[in-house]
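Below, each chain spelled out in residue letters.
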Amino acid sequence: MTRHNVERSALTEKLGVDIDPELLSLALTHRSFAYENGGIAHNERLEFLGDSVLGQAVTVRLFTRHPDLDEGQLAKRRAGVVSTIALAEVARGIGLGPHVRLGRGEILTGGHDKDSILADTMEAIIGATYLSAGPDAATAMVLRLIEPLMADPARYGAAMDPKTSLQEIAARLSVPAPTYSVEASGPDHDRRFTATVRVGDVVTTGTGSSKKQAEMAAALTAWRELDARA
């Protein structure tokens, strides 16, 4: 077995499901890689399918597990669990980043750790699982991976609005309010932003394709640190 196959095998072991190798390869192929290699197929169709499977799995689980919550509360929790930041956290938990096939430009700008790319690839993998193993296996995988988020209600608000959540926990812990600084890099058509947030003695960074996305990523990391202290 080649090193490449061994790495893929390790990934499917973490996913806990067998995925057709060709579908897995497709799920891991970002459009930037596809365009640089003759316009081969990429993962956006699988991402579309996976988004639907993810949404249904989370909706049904929240509905059945929380009969006391109204529609608005359920919608808020679902939005937090399926958010880009939450899915990127799941992706990092299984070590997905290094497996994603990216174009040179994305690699140079840290694409293997971009929230948006990780989240989209995670959805594509869910879609590939649905096609390979069926809806039940795909749903089971989704619930297994997002269970830590489901079990921590505080994360719902943090994932949806990290900057507000960080400001609130800073006030609760009586530390100075968060301050942000942002730097941009790359060409105009592919700008990358790196945000740094300082709150008390906690300093964290985040990256994104927009200033807002970078600040949200940095804020969520800082919120996690302060929440651990609280």
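Residues numbered from 1 in each chain as written. Predicted model: local features only at pLDDT ≥ 70, side-chain atom pairs only at ≥ 80, totals over all residues. Heavy atoms only, no water.

Engineer: How would you summarise the overall build of the protein if you had to cite specific residues and measurements?
Structural biologist: Scanning the protein from N- to C-terminus turns up 12 helices and three strands. Looking at the protein as a whole, 43% of its 230 residues are labelled buried. Taking as baseline every contact in the protein between residues at least 6 positions apart, the subset at least 24 positions apart corresponds to 56%. A total accessible area of about 11800 Å² is found for the protein, and carbon and sulfur atoms account for 52% of it. On the protein, the mean spot of the 25 positive side-chain charges and the mean spot of the 30 negative ones are 3 Å from each other. (Helix = DSSP H or I, 4+ residues; strand = E, 2+ residues; numbered from the N terminus. Buried < 20%, exposed > 50% of the residue type's maximum accessible area, 1.4 Å probe, protein only. Contact = heavy atoms within 4.5 Å. Areas by Shrake-Rupley, 256 points an atom, 1.4 Å probe, with all protein chains shown as cover. Lys, Arg positive; Asp, Glu negative; His and termini not counted. Charge placed at Lys NZ, Arg CZ, Asp CG, Glu CD.)

Engineer: So what's going on with empty space enclosed by the protein? Which residues, and what values?
Structural biologist: Counting across every chain of the model gives three cavities of 30 Å³ or more. Roughly 60 Å³ of volume is contained in the largest cavity. For the lining of the largest cavity, the elements supplying multiple residues, two or more each, are α6 (84–93), α8 (115–133) and α9 (135–150). For the lining of the largest cavity, the element with the most residues is α9, which contributes four residues. (1 Å grid on protein atoms, 1.4 Å probe; cavity = no way out; pocket = protein on both sides within 12 Å on 5 of 7 lines; lining within 4 Å. Points joined across faces, edges and corners; volume = space filled by probe spheres on them.)

Engineer: Any chance you could break down the packing of aromatic side chains for me, citing the residues and the numbers?
Structural biologist: Counted under the stated rule, the structure contains zero aromatic pairs. Between Lys 163 and the ring centre of Tyr 180, over which it is positioned, the NZ or CZ distance is 4.7 Å. (Phe/Tyr/Trp six-rings, centres within 6.5 Å; stacked < 30°, edge-to-face > 60°. Lys NZ or Arg CZ within 6 Å of the ring centre and 35° of its normal.)

Engineer: Report on the UniProt feature "active site" (unreviewed entry) in the protein, specifying residues and quantitative values.
Structural biologist: Listed under "active site" (unreviewed entry) in the UniProt record, and renumbered for this structure, are Asp 51 and Glu 123. Spanning 73 residues, the annotated positions come together in the fold, the maximum distance between their C-alpha atoms being 5.5 Å. In this fold, Asp 51 is placed in helix α4 (residues 44–65). Following the sequence through the fold, Glu 123 ends up in helix α8. (UniProt positions renumbered as here; feature names shortened; annotations may be inferred.)

Engineer: Kindly report on the sheet that holds strand β2 (residues 192–199), identifying the contributing residues and their values.
Structural biologist: One open sheet holds the three strands; their spatial order is β1-β2-β3, and the pairing between them is antiparallel. Either end of the sheet is taken by a strand with one partner, and the two such strands are β1 (179–185) and β3 (202–208). The average undirected angle you get between the axes of adjacent strands in this sheet is 20°. Both β2 and β3 contribute to a ladder of seven bridges, which runs antiparallel. For Phe 193, the partnering residue across the bridge sits in β3 and is Gly 208. (Pairing = 2+ DSSP bridges. Axes fitted to C-alpha atoms, helices over the stretch in contact; angles between N-to-C directions.)

Engineer: Describe the domain arrangement of the protein, and please don't skip the residues or the numbers.
Structural biologist: Domain parsing of the protein yields domain 1 (3–155) and domain 2 (162–228). Taken together, the 10 residues of domain 1 in the interface contact nine residues of domain 2. Roughly 830 Å² of surface becomes buried between domain 1 and domain 2 when both sides are summed, with 55% attributable to carbon and sulfur atoms. Of all residues in domain 1, Ile 85, Thr 109 and Lys 114 give up the largest surface area on contact with domain 2, accounting jointly for 46% of the area buried on that side. Summed over the shared surface of domain 1 and domain 2, the result is one salt bridge. At the boundary of domain 1 and domain 2, one finds one residue pair in polar contact (both at pLDDT 80 or more). Mapped onto the side of domain 1 that touches domain 2, the elements with two or more residues apiece are α6, α7 (104–108), α8 and α10 (154–160). Here the side of domain 1 that touches domain 2 is built from residues that sort into two nonpolar, three polar and five charged. (Domains from an automatic or database assignment. Buried area = accessible area lost by both parts, 1.4 Å probe. Salt bridge = Lys/Arg side-chain N within 4 Å of Asp/Glu carboxyl O. Polar contact = N/O pair within 3.5 Å; in protein donor to acceptor, adjacent residues only side chain to side chain. Nonpolar A, V, L, I, M, F, W, Y, C, P; charged D, E, K, R; others polar.)

Engineer: How would you sum up the layout of surface pockets? Please name residues and give values.
Structural biologist: The space that makes up the largest pocket amounts to roughly 220 Å³. Every residue lining the largest pocket is listed: Ile 85, Glu 89, Arg 92, Asp 113, Asp 115, Thr 205, Gly 206, Thr 207, Ala 217, Leu 220, Thr 221 and Arg 224. Sorting the residues of the lining of the largest pocket by element identifies α6, β3 and α12 (211–229) as the ones contributing at least two each. Among the elements that take part in the lining of the largest pocket, α12 stands out by supplying four residues, more than any other. For the lining of the largest pocket, the per-class residue count stands at three nonpolar, four polar and five charged. When residues of the lining of the largest pocket are assigned to domains, at least three fall in each of domain 1 (3–155) and domain 2 (162–228).

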